[in-house]
Amino acid sequence: MKLLICIIDNVYADEVELKLKKQGYRMTELASSGGFWRKGNTTFLFGVEEKDIKELQAALKSVCLDLENRKQRSSKQAHRYTSFLLDVKDAAPFLAMGK
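Keep in mind that what you see is a predicted model, and the values were worked out from it rather than measured.

**Student:** Can you help me understand the packing of helix α1 (residues 10–22) against helix α2 (residues 53–71) in this one?
**Tutor:** In a packed pair of helices, the relevant descriptors are the angle between the two axes and the axis-to-axis distance. Between α1 and α2, the shortest axis-to-axis distance is 10 Å and the interhelical angle comes to 125 degrees. Between α1 and α2, the angle is such that the two are oblique. Here α1 runs over α2; the crossing is right-handed. For the pair formed by α1 and α2, the contact residues are Val 11, Tyr 12, Glu 15, Val 16, Lys 19 and Leu 20 on the first element and Leu 56, Ala 59, Leu 60, Val 63, Cys 64, Leu 67, Glu 68 and Arg 70 on the second.

**Student:** Please clarify how the state of the cysteines should be interpreted in this entry.
**Tutor:** As used here, a disulfide is simply a covalent bond connecting the sulfur atoms of two cysteines. In the structure shown here, the tally under the stated rule is 0 disulfides. Considering cysteine sulfurs only, Cys 64 is the nearest to Cys 6, which forms no disulfide, with 7.4 Å between them. Cys 6 gets classed as buried once you look at its relative accessible area, which sits at 0%.

**Student:** What am I meant to see in the nonpolar core here?
**Tutor:** Inside soluble globular proteins, nonpolar side chains tend to come together where they are buried. Ile 8, Val 16, Leu 20, Phe 44, Phe 46, Leu 56 and Leu 60 are the most contacted members of the largest nonpolar core, which totals 19 residues. Broken down by secondary-structure element, the contributors of at least two residues to this core are β1 (2–9), α1, β3 (41–48) and α2. Take this core: its biggest share by element is 7 residues, from α2.

**Student:** Explain the environment of Ser 83 here, please?
**Tutor:** With respect to the secondary-structure elements, Ser 83 resides in strand β4 (residues 81–87). With residues near it in sequence (within four places) discarded, Ser 83 still touches Leu 4, Ile 5 and Cys 6.

Basis of the calculations
- Residues numbered from 1 in each chain as written.
- Predicted model: local features only at pLDDT ≥ 70, side-chain atom pairs only at ≥ 80, totals over all residues.
- Heavy atoms only, no water.
- Axes fitted to C-alpha atoms, helices over the stretch in contact; angles between N-to-C directions.
- Helix = DSSP H or I, 4+ residues; strand = E, 2+ residues; numbered from the N terminus.
- Parallel < 35°, antiparallel > 145°, perpendicular 65-115°, else oblique.
- Left-handed = near helix turned anticlockwise from the far one by under 90°.
- Contact = heavy atoms within 4.5 Å.
- Disulfide = S-S within 2.5 Å.
- Buried < 20%, exposed > 50% of the residue type's maximum accessible area, 1.4 Å probe, protein only.
- Core = buried A, V, L, I, M, F, W, Y, C linked by side-chain atoms within 4.5 Å.

Right, here's the structure in full:
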């Protein structure tokens, strides 16, 4: 199992969520303003099997390009999203203990 962390411009966020849910992908969406990529971005967390990584990456790209074609606009940035792939077995869990 892999964890794909995808930081995407808000222009694409709603479309990514809608289209990828329809394709059967499960995700967690986090608002990500300030800090790393500044405001105007959304972070998606995808749990994905290794055999499905290429398919997910292609789906992300396709959704972004389709939206640009429909709205007749091109991306002002060099990249539409930034993604990181982590092996779940290497992730250290965070446990919060309250009083």
